[in-house]
Amino acid sequence: MQIAAPAAPSASESPVVSAPAPTRAPLLIGVPKEIAPGEKRVATVPEVVAKLVKLGFAVAVESGAGDAAHFADDTYRAVGAEVVPGAAQLWSRADIVFKVRPPTPDEVQMLREGATLIGFVWPAQNPELMQQLAARGATVLAIDSLPRQLSRAQKMDALTSMAGISGYRAVIEAANAFGRFFNGQVTAAGKIPPARVFIAGAGVAGLAAIGTAANLGAIVRANDTRAEVADQVVSLGGEFVKVDYEEEGSGGGGYAKVMSEGFQQAQREMYAREAKDADIIITTALIPGKPAPKLITAEMVRSMKPGSVIVDMAAEQGGNCELTEPGQAVVKHGVTLVGYTDLVSRLAKQSSTLYSNNLLRLAEELCKAKDGRIDVNMDDDAIRGLTVIKEGAITWPAPPPKIPAAAAKPKSAAPVAAPKGHGHGAGEPMSGRSLAIVFGVGALLFLLVGLYAPLTFLSHFTVFVLACFVGYMVVWNVTPSLHTPLMSVTNAISSIIAIGALIQVAPPLTDGAANRPNLLILGMAVLALTLTAVNMFGGFAVTRRMLAMFRK
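Residues numbered from 1 in each chain as written. Predicted model: local features only at pLDDT ≥ 70, side-chain atom pairs only at ≥ 80, totals over all residues. Heavy atoms only, no water.

Caption draft 1: Seen up close, the overall build of the protein. Per the secondary structure count, the protein includes 17 helices and 19 strands. Within the protein, buried positions represent 38% of all 552 residues. Contacts in the protein between residues at least 24 apart in sequence constitute 62% of all its contacts with a sequence separation of at least 6. Accessible surface computed for the protein: about 31,000 Å², of which carbon and sulfur atoms make up 62%. (Helix = DSSP H or I, 4+ residues; strand = E, 2+ residues; numbered from the N terminus. Buried < 20%, exposed > 50% of the residue type's maximum accessible area, 1.4 Å probe, protein only. Contact = heavy atoms within 4.5 Å. Areas by Shrake-Rupley, 256 points an atom, 1.4 Å probe, with all protein chains shown as cover.)

Caption draft 2: Here's a closer look at helix α6 (residues 158–177). With 20 residues, α6 should reach 28 Å at 1.5 Å per residue; the first-to-last C-alpha distance of 28 Å fits that figure. Capping of α6 at its N-terminal end is provided by D157; its side-chain oxygen lies 3.3 Å from the backbone amide nitrogen of L159. (Expected span 1.5 Å × (residues − 1). Polar contact = N/O pair within 3.5 Å; in protein donor to acceptor, adjacent residues only side chain to side chain.)

Caption draft 3: The arrangement of the pairing of strand β14 (residues 329–332) in detail. Pairing of β14 with strand β15 (residues 335–338) involves four bridges; the strand directions are antiparallel. In the sheet register, K332 faces β15, and the bridge partner there is V335. Hairpin connection, β14 to β15: the antiparallel pair is bridged by two residues, and H333 has positive phi, about 55°. (Pairing = 2+ DSSP bridges.)

Caption draft 4: Representation of the sheet that holds β14 within the structure. Read from one edge of the open sheet, seven strands run β11-β10-β9-β12-β13-β15-β14, paired in mixed fashion. Taken across any chain shown, the strands that pair with only one partner, and hence form the sheet edges, are β11 (239–240) and β14. Pairing geometry for strand β9 (residues 196–200) and strand β10 (residues 219–223), over five bridges, is parallel. Its bridge partner lying in β10, I199 is registered against A222. Of the strands in this sheet, β12 (280–283), β13 (309–312) and β15 are in contact with α6, which crosses β13 at around 155°. In this fold helix α9 (residues 261–277) packs onto β9, β10 and β12, with an angle of close to 155° to the strand it touches most, β9. (Axes fitted to C-alpha atoms, helices over the stretch in contact; angles between N-to-C directions.)

Caption draft 5: Local environment of unusual backbone geometry. With an omega dihedral of 0°, the bond running from W396 to P397 counts as a cis peptide bond. Within the secondary structure layout, P397 lies in the loop between β17 (393–394) and α13 (432–452). Positive phi outside glycine occurs at H70, with the angle close to 70°. Along the polypeptide, H70 turns up in the loop between β2 (58–62) and α2 (73–78). For H70, a relative accessible area of 63% translates into the label exposed. Even without glycine at this site, E391 takes up a positive phi of about 50°. Relative to the assigned elements, E391 resides in the loop between β16 (387–390) and β17.

Caption draft 6: View of the sheet that holds β16. The sheet built from eight strands is open, its strands ordered β3-β2-β1-β4-β5-β6-β16-β17 with mixed pairing. Edge positions in the sheet fall to β3 (82–84) and β17, since each has one partner strand and no second. Pairing analysis gives four bridges linking strand β5 (residues 116–119) to strand β6 (residues 139–142), with the strands arranged parallel. Across the sheet, the residue bridging to L117 is V140, located in β6.

Caption draft 7: Focus on the nonpolar core. Core analysis: the biggest nonpolar cluster contains 47 residues, and L52, F98, Y355 and L362 have the highest contact counts within it. Elements supplying a minimum of two residues to this core: β1 (28–31), α1 (46–54), β2, β4 (96–98), α6, α11 (348–366) and α12 (381–386). At seven residues, the largest contribution of residues to this core is made by α11. Core analysis: the second largest hydrophobic core is formed by 30 residues, L207, A209, A222 and V309 among them. (Core = buried A, V, L, I, M, F, W, Y, C linked by side-chain atoms within 4.5 Å.)

Caption draft 8: Quick look at the pairing of β10. In terms of residue burial, β10 counts as a mostly covered element, since four of its five residues are buried. Handedness of the crossover joining β9 and β10 through helix α7 (residues 204–215) is recorded here as right-handed. As paired elements, β10 and β11 share two bridges and run parallel to each other. Looking at β11, one finds that R221 is bridged to E239. Regarding topology, helix α8 (residues 230–235) serves as the crossover connection from β10 to the parallel β11, and that connection is right-handed. (Right-handed = clockwise from strand over helix to strand, strands pointing away.)

Caption draft 9: Local environment of the packing of aromatic side chains. In this structure the tally under the stated criterion is five aromatic pairs. Seen from their ring centres, F120 and W122 are 5.7 Å apart, and the 10° between their planes marks the pair as stacked. Take F120: its relative accessible area is 7%, and that puts it in the buried class. Judged by relative accessible area, which is 31%, W122 ranks as partly exposed. (Phe/Tyr/Trp six-rings, centres within 6.5 Å; stacked < 30°, edge-to-face > 60°.)

Caption draft 10: Geometry of a nonpolar patch on the surface. Taken together, the side chains of I437, V441, L444, L445, L447, L448, L451 and Y452 define a hydrophobic patch exposed on the protein surface, amounting to about 860 Å² of accessible area. Within the element layout of this structure, Y452 appears in helix α13. (Patch = residues over 30% accessible without salt bridge, like charges linked within 9 Å, V, L, I, M, F, W, Y side chains within 5 Å. Salt bridge = Lys/Arg side-chain N within 4 Å of Asp/Glu carboxyl O.)

Caption draft 11: Expanded view of the side chain of E107. Relative to the helices and strands, E107 is located in helix α4 (residues 105–110). Overall, the relative accessible area of 3% leaves E107 in the buried class.

Below is the structure:
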């Protein structure tokens, strides 16, 4: 039996082989060198480049982009980035551009058609730039437009990162221009009073300045239109100065709002008083989309002591002081006015690291698949707020983000009055009749004890009763928040009972002979000594740790 060989397939019947799906190349992130005068930051540091590569992106950095922030080209090459020799080549190749400062018109012209730009843009202050970017068909994510009221947006909040650095640097610049120490000292050569620092505005930058100045030993006073920041000022070692005018100053997104003329007048009067006493004034007041409010007048500057310093952190937006010269440090009426606009760049390495971390968190939100591609999801409140231009269409300003409303508290049937008094027991005092009954019963018990108890017992009992009374008055009348350190040290002090245990172990000699206790009493005394030792050393150890929490 022969089996016919299978016929060869004809050309028309050739088997169909499915071609593999084409893989899309990862997007290229370009990091150009910042060309704004005095700008030393770079949008991405080598540590973050390595993480971007793990997300699937390719990264190209312009040669010399990180030099001013002390990140050499070789450090970028070592983590997988390509170093491009010229700006034109980088801008024309990059699918996504990470920048710090808004691009110049020349940089916009080099931007590739349909590319994505991420960085500071300030759309309210730069309408012409917005039109130029839209004409290029770009997608622009302005890091300054992030909805800061969203909790999950905090990791991308570059404004907060940069404000904290600038507040710290403002104090350093003030110390450099000031003629003496911040902290008070008593030396053989004489007594040096501490510097008095007044900070106008207690936002992120102001709070950073308060903490830095207080840590240097200065007496710090601060003011803000938002009353809710008073506790934060105090917690950092400052004193909150309240304006003698009732008005709520909170605006959207954590900023202050424009106040009424009546409030502004009361505020100016308060600033005039503070300026006469202050050695250093640091101003931080800004209102989004508007020039910086004028808080310090020329008359206030003239009233300050010679050698005083004003650091105007709002100089780039016009300044909070009438005499500020943006970008300059000048002396007027004997007062040094520091109007530097590059405070953040004066800590270039630190600020670049924090800023690039913010951009990395944004890249993670845009590239959740970790495939080197981004998805600008306009249904995401954080991404929608950041996106000011989408594929050439201006989408700024964004609608307010949908913040879930707080759950309504269930109504109680009737409010229950809180008991008054100390932190323990009933707050109301006893009635006269009840008090008389308690004292009568107590006196009767003491009488019975005195009539029938041995004489040696009475002396011990008297000490016991007095100890109970003192302990009650000392502990029961103390604020509950102090109970932990108080009770721990009380435990340690009460370990004086160790003396009693020692006496039971080895009673004193009587008539030349010692009355040794039996084994039961000896065992109980040794156990008491052991527990007392734990109480003693543990009490002092806990007290020390508790008190250390309140020290700087």
